[in-house]
Amino acid sequence: MDQVIGDHNHYSSKDLAAAATLVGLGLRVQDAPASSEVYRQVKRRRSRLDELRELIRYEEASLMPIYDDYMANIRYRWAAENPSTPFRISASPAGRAILQAECIKARTWLLDLIKLHQKIDRSHTLRILRSMVEKQAGIDSRPMTELEQFYMKLTDPDEDGHDTEWDFEDHLDATLTLTIHNNWAETHKDTLERLRQVASRAPFRSLSPSQLITHRMVQKMRRTNKIDAFACAIPLSTIKQHSKEEQLCPICQNEYLDLHKFSIKDLIADYPVRMKYCGHIIGKSCLETWMATPLVDPARYPYRTCPICRVPIGKRCASDVPEAIHNHACHNAYAKKIRQERDLAINDISDGILGCISEELVVQQLMVEVRQQQLDGNLDKLKERECKEVLERSLKALEEEKRMWGFEEKDMSKMWEKVSSEWIESGAHT
Ligand SMILES: [Zn+2]
Ligand SMILES: [Zn+2]
């Protein structure tokens, strides 16, 4: 590891001409260029690492929770993946206490290490990734360093090889397991320290904070199935007026507000949204899944329909999008800048704003709900705190997002309120 961080001449610079292609990818590479296949893999792993860093930035508290079940799962995972090597820490009662202490230590070490990547020159990260990819491919015959093994585990592709739904948390858990077994938090204490020194010296070449936020927004927009243009979260008072039956998601039959059965993240994900076409209310993640399910007979039925009333859905409800949002997406300087930098269409921008409105309502409403359930004695302190942490983090992220869309200034926040309620109320009601 020392050599990877410290040594700028790890690769000979014999073929710098081809490095021009790498510059096109926005990278500063002094090394000899990698083969295109190696490069593809490095690029993929790097973007997974970027996304992990983003996830940690917003959701650190909820990642790798050191509960009993979680630690049992670490042992189970190790045994499943390494049947012939016993886990370093025994499963005896004494071992259990040791595991908890080591879990905490390893978790901190791992998070610190990933977070540091934001501060160090990108070429350091690339050098590590490239070296390990070449070793894995047999291009470089030396064994992988321990830290390369660490990054390898952290950025491995999912089994299906698709990155669209790459399971961040699973990779963090797997890497934590490996870290604990190898006791890296102890043996690589210095590595972290050295990396910190590199970070304090290195010119800041990674993404700036504002670029990171746009990056995150764009990733998010790419990942959702674009329901934001025709479905928006509803105030909880709306469903509370309805019968008990209508307080369930009609697809998965789960209660929208059951904090005992579900984590706050699940409730955020499957929060009720109302479709503008017909007014039917469905859990958001179920609607997204519904939208992602392939059409049965696209020649005869080219549109997806509402799972309840069969009205065609999926096209934009352009007439309902408040004019102010459309105008903002067209003319606001911030919105314009994102559009140009990220090569987005005006509709992408307005969908992003609509999504932000919906999410903000979700978080605000769930905050009230959590407080109410706690007051009613239905929620213990620990759970309440956990929920609040997640919600507050989401709210903070949304504030940053709003700023990026150009809704920060005083007069703008009034406008935000206005367009929000306009959008939330618009469309058909059942
Ligand atoms: Zn559902
Ligand atoms: Zn419907």
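The structure this text deals with has already been given above.
It should be emphasised that the depicted structure is a prediction, and the values quoted were computed from it without experimental measurement. (Residues numbered from 1 in each chain as written. Chains lettered and ligands numbered in written order. Predicted model: local features only at pLDDT ≥ 70, side-chain atom pairs only at ≥ 80, totals over all residues. Heavy atoms only, no water.)

A. Quick peek at the environment of Thr125. In this structure, Thr125 sits in helix H6 (residues 122–136). Separated by 76 residues in the primary sequence, Thr125 and Leu49 place their C-alpha atoms 9.5 Å from one another. Leaving out residues up to four positions away in the same chain, Thr125 has contacts with Leu49, His117 and Ile120. (Helix = DSSP H or I, 4+ residues; strand = E, 2+ residues; numbered from the N terminus. Contact = heavy atoms within 4.5 Å.)

B. Local environment of the pairing of strand E2 (residues 272–275). The alternating pattern of E2 places Pro272 and Arg274 on one face and Val273 and Met275 on the opposite face, and all of these are buried. As judged from the 3 bridges shared by strand E1 (residues 231–233) and E2, these two strands associate in the antiparallel manner. Residue pairing for E2: Ala231 is matched across the bridge by Met275. Here 3 bridges tie E2 to strand E3 (residues 281–283), and the two strands are oriented antiparallel to one another. Along E3, the bridge assignment pairs Val273 with Ile282. Once E2 ends, the chain turns through 5 residues before running back antiparallel as E3, passing Gly279 with a positive phi of about 85 degrees. (Buried < 20%, exposed > 50% of the residue type's maximum accessible area, 1.4 Å probe, protein only. Pairing = 2+ DSSP bridges.)

C. Highlighting the nonpolar core. If you look at the biggest cluster of nonpolar residues, it comprises 55 residues, and the most contacted ones within it are Ile264, Met275, Leu287, Ile349, Ile353, Ile357 and Leu366. Looking at this core element by element, the count peaks at 11 residues for helix H17 (residues 346–375). The contacts of Ile349, once residues within four sequence positions are left out, are Ala329, Ala335, Ile338, Arg339, Leu344 and Trp405. Leu99, Leu172, Leu176 and Ile180 belong to the second largest nonpolar core, which has 47 residues in total. (Core = buried A, V, L, I, M, F, W, Y, C linked by side-chain atoms within 4.5 Å.)

D. Spatial organisation of the packing of aromatic side chains. Under the counting rule described, the total for this entry stands at 6 aromatic pairs. Ring geometry for Trp109 and Phe150: centres 5.3 Å apart, planes at 75 degrees, overall edge-to-face. With Trp109 in helix H5 (residues 93–116) and Phe150 in helix H7 (residues 146–155), the pair connects residues that are 41 residues apart, well separated along the chain. For the pair Trp109 and Phe150, a shared accessibility class is recorded, and that class is buried. Sitting over the face of the ring of Trp423, Lys276 holds its NZ or CZ atom 4.2 Å from the ring centroid. (Phe/Tyr/Trp six-rings, centres within 6.5 Å; stacked < 30°, edge-to-face > 60°. Lys NZ or Arg CZ within 6 Å of the ring centre and 35° of its normal.)

E. Molecular detail of the coordination of the zinc ion (ligand 1). Bound to the zinc ion (ligand 1) on the protein side are Cys249 (SG), Cys252 (SG), Asp270 (OD) and Cys286 (SG), at distances that span 2.2 to 2.3 Å. Each donor residue of the zinc ion (ligand 1) belongs to the same chain, with the gaps between them written as C-x2-C-x17-D-x15-C. Here Cys249, found in the loop between helix H12 (236–240) and helix H13 (264–269), pairs with Asp270, found in the loop between H13 and E2; they are 21 residues apart in sequence, far enough to count as distant. Here Cys249 matches Asp270 in class, with each residue buried. (Donors = N, O, S within 2.8 Å, 3.2 Å for Na, K, Ca; no water.)

F. Up close: the packing of H5 against helix H8 (residues 168–182). Relative orientation of the contacting elements H5 and H8 amounts to 120 degrees, with a least axis distance of 9 Å. H8 is crossed by H5, and the crossing has right-handed handedness. Residues Leu99, Glu102, Cys103, Ala106, Arg107, Trp109, Leu110 and Ile114 of H5 touch H8, and the partners they reach there are Leu172, Thr175, Leu176, Thr179 and Ile180. Of the residues that constitute the contact of H5 with H8, the class distribution is 9 nonpolar, 2 polar and 2 charged. (Axes fitted to C-alpha atoms, helices over the stretch in contact; angles between N-to-C directions. Left-handed = near helix turned anticlockwise from the far one by under 90°. Nonpolar A, V, L, I, M, F, W, Y, C, P; charged D, E, K, R; others polar.)

G. Quick look at H7. The element H7 is extensively covered by neighbouring structure, given that 7 of its 10 residues are classed as buried. Within the sequence span of H7, burial applies to Leu147, Glu148, Phe150, Tyr151, Met152, Leu154 and Thr155.

H. Just unusual backbone geometry, in detail. The phi angle at Asn183 is positive, at roughly 55 degrees, despite the residue not being glycine. Among the secondary structure elements, Asn183 is positioned in the loop between H8 and helix H9 (184–187). Judged by relative accessible area, which is 19%, Asn183 ranks as buried. You will see that Arg310, though not glycine, has its phi angle at about 70 degrees, which is positive. Along the chain, Arg310 turns up in the loop between strand E4 (304–305) and strand E5 (312–313). Residue Arg310 is classed as exposed on the basis of its relative accessible area, which comes to 52%.

I. Inspection of the coordination of the zinc ion (ligand 2) at higher detail. Distances from the zinc ion (ligand 2) to its protein donors, Cys278 (SG), His280 (ND1), Cys306 (SG) and Cys309 (SG), fall at 2.0 to 2.3 Å. With 4 donor atoms in place around the zinc ion (ligand 2) and angles of 106 to 116 degrees between them, the coordination shape is tetrahedral. For the zinc ion (ligand 2), all donor residues lie on one chain, and their spacing in sequence is C-x1-H-x25-C-x2-C. Of this pair, Cys278 sits in the loop between E2 and E3 while Cys306 is found in the loop between E4 and E5, placing the two residues 28 residues apart along the sequence. Residue classification places Cys278 among the buried positions, given a relative accessible area of 15%. (Tetrahedral: all angles 85-135°; square planar, octahedral: opposite > 155°, others 65-115°.)

J. Seen up close, the sheet that holds E3. Taken in spatial order, the 3 strands line up as E1-E2-E3 in an open sheet, and their pairing is antiparallel. At either end of the open sheet lies a strand with only one pairing partner, and these are E1 and E3. Each neighbouring strand pair of the sheet contributes to a mean axis angle of 40 degrees, computed without reference to strand direction.

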